[in-house]
Amino acid sequence: MSVSVSLSPTMSTTADASLSLPPVMDGQLGRQALSERAKVNLTGVTETLLIPLLGRAADAGNARPIVGDPYAKGVVEKLDYDFAKLPIPPSHAGAVALRTRFYDRWASAFLAAHPHATVLHLACGLDSRNQRVQWGPNVRWIDIDLPEVVELRRRVLPTSLPGQDYQLVAADITDDAWLKEIPTDRPVLVVMEGLLSYLLPEDSTGLLRRLVETFKEGELHFDSMNAKVLSAGNKQTKAAVSQTGAKFQWAVDDLKDIEKIHPRLRLIEAVRYVEAPGVEELPLMTRVAYYMLTWVPSLRDSVRFVRFGFSGDTTKVDSV
């Protein structure tokens, strides 16, 4: 199965107003002529990569941005796409920015501790993380996504970064072939923001297992949703994800189950989205709604940002 990026948080509030978007995003002609823009021919899960892109672009336009992505708006203006198709209320734009900031900061912390490292950004979509995060000359950064996504990315984002070891790879991450081509001489950071919940359960667990078996040391950064929210998210017919036809497929209620995928996997950190540092920067009614969710156990753990680490000899285990 071929899959790509990006999970839009499934919680929403009825108090959200319409999102203020740059002209090119609300259907009007932007600074770049329509004929010069890159046509977006993505469907299903791959089309969801536009959701976090829109969220980061909207956040960057705020007086007090959460992540302040300096590149997202420029990417949006290069795309030929009807962005009115994707309803992104302010709370979701803020949620995207908050999640993105977590992964940027976690990546920065890993690279500060491991100046000789490999970064694998799986399902990179149209994210400019490789430009937002500072990384040194002894870091190898590899962005990976499906061929149709990589083709679009090449038209709107740099394909090389002067003085840095950067590669853009077109591959299906559920296939083993791409992983066999990655050097294993350094600790690895694997960033999978908004990816695994779209995969079939056996594909998610299989990917995590293969990563641990391939590399000697590293961290896996990703987000997970529980079964209750997965089911609810797939029923939200008016949500942006639903407009693309994509479905969430992998849920995790107990993070200890992830450690069972491979004996070398250990949970380092888990942050509940509704309690995450930074939610105080979201709109007032969104903060009130999230506070109420913290009192409901099944909703308090609805979406979590997680870091898993592994080290020691690579060992294959039987499938679960």
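Computed from a prediction, not measured in an experiment: that's the story for all the values here. (Residues numbered from 1 in each chain as written. Predicted model: local features only at pLDDT ≥ 70, side-chain atom pairs only at ≥ 80, totals over all residues. Heavy atoms only, no water.)

## Regarding helix α5 (residues 147–156)
Note on helix geometry: an α-helix contains 3.6 residues per turn, so any two residues three or four positions apart are oriented the same way.
Here's step 1: Along α5, the positions that sit buried rather than exposed are Val149, Val150, Leu152, Arg153 and Val156. Along the axis of α5, the buried positions cluster into a sector of 165 degrees, meaning they face one direction only. Opposite its buried face, α5 presents the exposed residues Glu151 and Arg155, each directed more than 90 degrees away.
Here's step 2: Here the buried face of α5 lies against β1 (38–39), α2 (72–76), β2 (79–80), α4 (129–132), β4 (139–145) and β5 (165–170). (Buried < 20%, exposed > 50% of the residue type's maximum accessible area, 1.4 Å probe, protein only. Helix = DSSP H or I, 4+ residues; strand = E, 2+ residues; numbered from the N terminus. Arc of directions from axis to C-beta. Contact = heavy atoms within 4.5 Å.)

## Brief notes about helix α7 (residues 227–234)
Here's step 1: Among the residues of α7, Val229, Leu230, Gly233 and Asn234 are the ones counted as buried. End-on, the buried residues of α7 take up no more than an arc of 130 degrees, which puts them together on one face.
Here's step 2: Looking at the buried side of α7, the elements it contacts are β7 (218–225), α8 (240–244) and α11 (297–300).

## What to know about the confidence of the model for the protein chain
Here's step 1: Here the protein chain shows a mean pLDDT of 86. Residues at 70 or above account for 86%.
Here's step 2: The low-confidence segment residues 1–30, where pLDDT is below 50, has 108 contacts with residues more than four positions distant or belonging to other chains. (pLDDT = per-residue confidence, 0-100.)

## A look at the sheet that holds strand β6 (residues 188–192)
Here's step 1: Taken together, the seven strands give an open sheet; going across it, the order is β5-β4-β3-β6-β7-β9-β8, and neighbouring strands pair in mixed fashion. Two strands lie at the open edges of the sheet, namely β5 and β8 (266–272), each paired on one side alone. Looking at each pair of strands side by side, their axes are set apart by 15 degrees on average, direction ignored.
Here's step 2: Sheet topology note: the β4/β5 ladder contains six bridges and is parallel. When the bridges of β5 are listed, aspartate 143 appears paired with leucine 168.
Here's step 3: Each of β3 (117–122), β4, β6, β7, β8 and β9 (303–310) is contacted by helix α3 (residues 90–113), which is oriented at about 165 degrees to β7, the strand it contacts most.
Here's step 4: The sheet contacts of α5 involve β4 and β5, and relative to β5 the element is tilted by about 135 degrees. (Pairing = 2+ DSSP bridges. Axes fitted to C-alpha atoms, helices over the stretch in contact; angles between N-to-C directions.)

## Examining the side chain of threonine 118
Here's step 1: The topology assignment puts threonine 118 in strand β3.
Here's step 2: You can call threonine 118 buried: its relative accessible area is 0%.
Here's step 3: At a separation of 2.6 Å, a polar atom in the side chain of threonine 118 contacts the side chain of arginine 140.
Here's step 4: Excluding residues that lie within four positions of it along the chain, threonine 118 makes contacts with Arg140, Ile142, Ile182, Pro183, Arg186, Pro187, Val188 and Leu189. (Polar contact = N/O pair within 3.5 Å; in protein donor to acceptor, adjacent residues only side chain to side chain.)

## Considerations on the packing of aromatic side chains
Here's step 1: All chains considered together, the criterion is met by 11 aromatic pairs.
Here's step 2: Measuring from ring centre to ring centre gives 5.3 Å for tyrosine 273 and tyrosine 290, while their planes differ by 65 degrees; the resulting arrangement is edge-to-face. One end of the pair, tyrosine 273, is in the loop between β8 and α10 (284–293); the other, tyrosine 290, is in helix α10, and 17 residues separate them in sequence.
Here's step 3: The class for tyrosine 290 is buried, based on a relative accessible area of 2%.
Here's step 4: Connected via pairs of aromatic rings, a cluster forms that spans Phe102, Tyr103, Trp106, Tyr273, Tyr290 and Phe305.
Here's step 5: Above the plane of the ring of tryptophan 106 lies arginine 307, whose end atom (NZ or CZ) is 5.7 Å from the centre. (Phe/Tyr/Trp six-rings, centres within 6.5 Å; stacked < 30°, edge-to-face > 60°. Lys NZ or Arg CZ within 6 Å of the ring centre and 35° of its normal.)

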